[in-house]
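Overview (structure and organization)
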Amino acid sequence: MTERAGPYSQSPPKTSAAASGTRLPHLAGPAAELRQVLAAHALRGCEHVVEIGGAGLPITGFLTHRPASVTVVDPKIPAFAAETLNGAPCRVRHLAAKLQQVELDQGAGRLGLVLLGLSLKPFGGAPALGDALLALARHAEVMVIDYALELERALGQIGPLLAARDAPAMIDAELKLNDPALAAAGFDRRRFLVFDRHGKSAR
């Protein structure tokens with residue numbers, strides 16, 4: 001039987017609290033985890049998973065399948081490395097860096113790109129939405145995006161990401177998460193998108 005991680009787990013999570021970092025206050029409630037659960041379901045056919053963002057609540061501990069690699073890039077996440085996930089070999093890396101500082105290998109195999117809580121910032125002279133990220137968005141077999149409908153920065157970034165895809169989203173859902181902290185921050189109303197070139201996440 002496959003050992004499961006994250007919210008499905010009956011045993012300690014595969015990534016420690018130290019590897020996850022500290023959650024932002026408005027993401028501390030259980031409702032916020034719904035986004036990771038849905039994303040993990042969409043990604044379950046991907047051999048490689050890349051998450052941009054994720055400090056405090058990385059996708060790693062929510063994945064239920066056995067990918068070959070998982071890379072999470074966020075300047076606020078503690079650096080972390082492991083060679084197994086869900087009882088199988090997997091190159092897990094949490095990189096404490098800005099996306100603009102990291103060169104990501106698009107490699108062979110089905111790639112899943114995760115952007116939960118979309119709110120990218122520029123770094124030095126590099127724009128928030130640079131060529132590298134848009135190339136990943138074009139290349140990924142599966143792309144999952146979640147953003148708050150009241151967040152102006154995200155509203156300015158979603159257009160180029162959608163334009164990078166060659167087909168509409170397989171799932172385009174509006175969510176309302178009834179969490180007091182999310183509501184107080186104005187982030188309870190959200191849009192959740194899944195793009196999948198093959199129209200499904202797994203066989």
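Everything below is about the structure printed above this text.
Now for a quick tour of the structure. (Residues numbered from 1 in each chain as written. Predicted model: local features only at pLDDT ≥ 70, side-chain atom pairs only at ≥ 80, totals over all residues. Heavy atoms only, no water.)

1. Quick look at the overall build of the protein chain
- For the protein chain, the helix and strand inventory stands at five helices and eight strands.
- Moving toward the C terminus, one meets the helices and strands of the protein chain in the order α-α-β-β-β-β-β-α-β-α-β-α-β.
- Buried residues in the protein chain amount to 47% of all 203 residues.
- Taking as baseline every contact in the protein chain between residues at least 6 positions apart, the subset at least 24 positions apart corresponds to 61%. (Helix = DSSP H or I, 4+ residues; strand = E, 2+ residues; numbered from the N terminus. Buried < 20%, exposed > 50% of the residue type's maximum accessible area, 1.4 Å probe, protein only. Contact = heavy atoms within 4.5 Å.)

2. Points about the sheet that holds strand β8 (residues 189-196)
- Overall, mixed pairing links the eight strands, which are arranged β3-β4-β2-β1-β5-β6-β8-β7 in an open sheet. The sheet terminates laterally at β3 (80-85) and β7 (171-176), the two strands that pair on one side only. When the angles between neighbouring strand axes are averaged without regard to direction, this sheet yields 10 degrees.
- Where strand β1 (residues 48-52) and strand β2 (residues 69-73) come together, five bridges link them in parallel fashion. Bridged to Val49 within β2 is Val70.
- Set on the sheet, helix α2 (residues 34-42) makes contact with β5 (111-116), β6 (142-148), β7 and β8; between it and β8 the angle comes to about 10 degrees.
- Running over the sheet, helix α3 (residues 131-139) touches β1, β5 and β6 and is turned about 125 degrees from β5. (Pairing = 2+ DSSP bridges. Axes fitted to C-alpha atoms, helices over the stretch in contact; angles between N-to-C directions.)

3. Some points on unusual backbone geometry
- With a phi angle near 55 degrees, Asn86 is a residue other than glycine that sits in the positive phi range.
- Along the chain, Asn86 turns up in the loop between β3 and β4 (88-95).

4. Quick word on α3
- Of the residues making up α3, those classed as buried are Leu133, Leu134, Leu136 and Ala137. Buried residues of α3 fall within an arc of 155 degrees about the axis and therefore sit on the same side. For α3, the exposed residues lying more than 90 degrees away from the buried face are Asp131 and Ala132.
- Looking at the buried side of α3, the elements it contacts are β1, β5, β6 and α4 (152-163). (Arc of directions from axis to C-beta.)

5. Re the pairing of β4
- Across five bridges, the pairing between β2 and β4 is parallel. Paired with Val73 across the strands is Leu95, a residue of β4.
- Sheet topology note: the β3/β4 ladder contains five bridges and is antiparallel. Within β4, the residue paired with Leu85 across the bridge is Ala88.

6. A closer look at the side chain of Thr71
- Along the chain, the position of Thr71 falls in strand β2.
- Relative accessible area serves as the criterion here: at 12%, Thr71 is assigned to the buried category.

7. Looking at the pattern of salt bridges
- The final tally for this structure, using the stated rule, is nine salt bridges.
- Here Asp146 and Arg35 are joined by a salt bridge, their closest N and O atoms 2.8 Å apart. Of this pair, Asp146 sits in strand β6 while Arg35 sits in helix α2, and the two are 111 residues apart along the sequence. You'll find Asp146 and Arg35 in the same group, each marked buried. (Salt bridge = Lys/Arg side-chain N within 4 Å of Asp/Glu carboxyl O.)

8. Side note on the pairing of β2
- Taking burial as the measure, the five residues of β2 include five buried ones, the bulk of the element.
- Residue alternation in β2 divides its side chains into two sets, Ser69, Thr71 and Val73 and Val70 and Val72, and both sets are buried.

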